[in-house]
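Here's the letter readout for the chains.
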Amino acid sequence: MSEYILNENLYLGATPGGVYYAVQDNTPESGRDFIHKLLQYPQTPLFNIEVACEISNLKKKRALEFVHWLQEAGLIIGLEHAEQAPPETLERLLPQLLRTLSDEGKAVLAESRGLYLGSAGFPHEAAEELAALSANLTAVYARHKELLQGNLGYRQRAWGLIDASGNSEVGFWPVYIGQNRFTLIIGGIPQLNQPAFKQLVWALEMRYCNSELGSL
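To keep things clear, this report deals only with the structure shown in the data block. (Residues numbered from 1 in each chain as written. Predicted model: local features only at pLDDT ≥ 70, side-chain atom pairs only at ≥ 80, totals over all residues. Heavy atoms only, no water.)

1. Some details on the overall build of the protein
Check the secondary structure of the protein and you find seven helices and seven strands. Each helix (α) and strand (β) of the protein, taken in turn from the N terminus, gives the series β-α-α-α-α-β-α-β-β-α-β-β-β-α. The C-alpha atoms of the protein give 18 Å as radius of gyration, which agrees with the globular expectation for 216 residues (17 Å, within 12%). Considering only C-alpha atoms, the protein reaches an extent of 50 × 40 × 40 Å along its principal axes. Counting across all 216 residues of the protein, residues that qualify as buried make up 45%. Expressed as a percentage of contacts within the protein between residues at least 6 apart in sequence, the contacts between residues at least 24 apart total 60%. (Helix = DSSP H or I, 4+ residues; strand = E, 2+ residues; numbered from the N terminus. Rg over C-alpha atoms; globule rule 2.2 N^0.38 Å. Buried < 20%, exposed > 50% of the residue type's maximum accessible area, 1.4 Å probe, protein only. Contact = heavy atoms within 4.5 Å.)

Structure (C-alpha cells):
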C-alpha cells in the first residue's frame, strides 16, 4: 500500500506508471532521470534525506519537495518492505515477463538493430520479422519526429496496428535505457500497468544502464 514517503520510514520504489514515464522517451528531464537512477539500485533504498539528495542531485529542501511531487504524480511510492531487482539472468526472465505484458501472451523485446533478445507466444520467424520491423519504424519516427512532436504535438512514440474499433492488434513501444533503445512489441492489448513491466525495465537497467548493447 502506498504511504507518504516523507513522513514514514519507508523504502523508495517506482510505480509501473513511473517506469513507463521514464523509459518511453529519452529527452533529459529531472523526474525521468530520478526514476532511472532509482532503478539502478539492486534493492529499493530506505528513504532518507541523503538518498533523496543523491538521486535527485538537489539540496535538502528542494530534494524533499521534488520527492513529494513525484509521489503526488504517482511516479514513485513508499513501500513497507524492500523490493529486490530480479535475481535471474535476463535470458531466463524474458519469456515469463514478456508473456504477462500482453492479454494474448504474445510479446517480443527487440534491440535497436532489429534483433530480438527474447520472445513469448510468437514463432521464432515471426519474432525475427517483428524485431526487424521495429528497427524500420524507429527510422521512420526519426525522419518525421519534427512533424509528429513539433508541428502536431504528439508526445507518444509508440506505433501500432489497430482494428476497426481502435484496439491494438500489435504495438511497438520504445524503451530507452542509458544509451540503448529497445522496442517492446506486444500482440493484442498491452498490460503495462503491473509489476512485471517494472521488473523487466529494472532488469534492463541493471544490465545496460552503463553499457551500449553493441559493445557487450
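2. Digging into empty space enclosed by the protein
Overall, the coordinates contain one cavity of 30 Å³ or more when judged by the stated rule. In this structure, the largest cavity spans a volume of roughly 40 Å³. Lining of the largest cavity is provided by Ser134, Leu137, Thr138, Arg157, Trp159, Phe172, Arg181 and Thr183. The dominant element in the lining of the largest cavity, judged by the number of residues it contributes, is helix H6 (residues 124-151), at three residues. Its residues placed into classes, the lining of the largest cavity shows three nonpolar, three polar and two charged. (1 Å grid on protein atoms, 1.4 Å probe; cavity = no way out; pocket = protein on both sides within 12 Å on 5 of 7 lines; lining within 4 Å. Points joined across faces, edges and corners; volume = space filled by probe spheres on them. Nonpolar A, V, L, I, M, F, W, Y, C, P; charged D, E, K, R; others polar.)

3. Side note on helix H3 (residues 49-56)
Among all positions of H3, only Val51, Ala52, Cys53, Ile55 and Ser56 are buried. Taking the backbone nitrogen of Glu50 as reference, a side-chain oxygen 3.0 Å away marks Asn48 as the first, capping residue of H3. The first or second residue beyond H3 is Asn57, which carries a positive phi of 60°. (Polar contact = N/O pair within 3.5 Å; in protein donor to acceptor, adjacent residues only side chain to side chain.)

4. Let's talk about the sheet that holds strand E6 (residues 168-177)
Pairing is antiparallel in the open sheet, where five strands are placed in the order E4-E3-E7-E6-E5. Among the strands making up the open sheet, the edge pair consists of strand E4 (116-120) and strand E5 (159-162). Put simply, the sheet's adjacent strands are angled 10° from each other on average, direction ignored. Taken together, the six bridges between strand E3 (residues 106-111) and strand E7 (residues 180-187) define a ladder with antiparallel strand orientation. In the sheet register, Lys106 faces E7, and the bridge partner there is Gly187. (Pairing = 2+ DSSP bridges. Axes fitted to C-alpha atoms, helices over the stretch in contact; angles between N-to-C directions.)

5. Looking at helix H7 (residues 195-208)
With 14 residues, H7 ought to run about 20 Å at 1.5 Å a step, and its terminal C-alpha atoms sit 20 Å apart, in line with that. Where burial is concerned, most of H7 is hidden: 10 out of the 14 residues are buried. Among all positions of H7, only Ala196, Phe197, Lys198, Leu200, Val201, Trp202, Ala203, Leu204, Glu205 and Tyr208 are buried. (Expected span 1.5 Å × (residues − 1).)

6. A closer look at the pattern of salt bridges
In total, this model carries six salt bridges according to the counting rule given. The partner of Arg207 in a salt bridge is Glu91, with the nearest N and O atoms 2.9 Å apart. One end of the pair, Arg207, is in helix H7; the other, Glu91, is in helix H5 (residues 90-100), and 116 residues separate them in sequence. Residue Glu111 pairs with Arg113 through a salt bridge whose shortest N-O separation is 2.5 Å. On the basis of relative accessible area, Arg113 is assigned to the exposed category, the value being 54%. The network of salt bridges with shared partners includes Lys61, Arg62 and Glu65. (Salt bridge = Lys/Arg side-chain N within 4 Å of Asp/Glu carboxyl O.)

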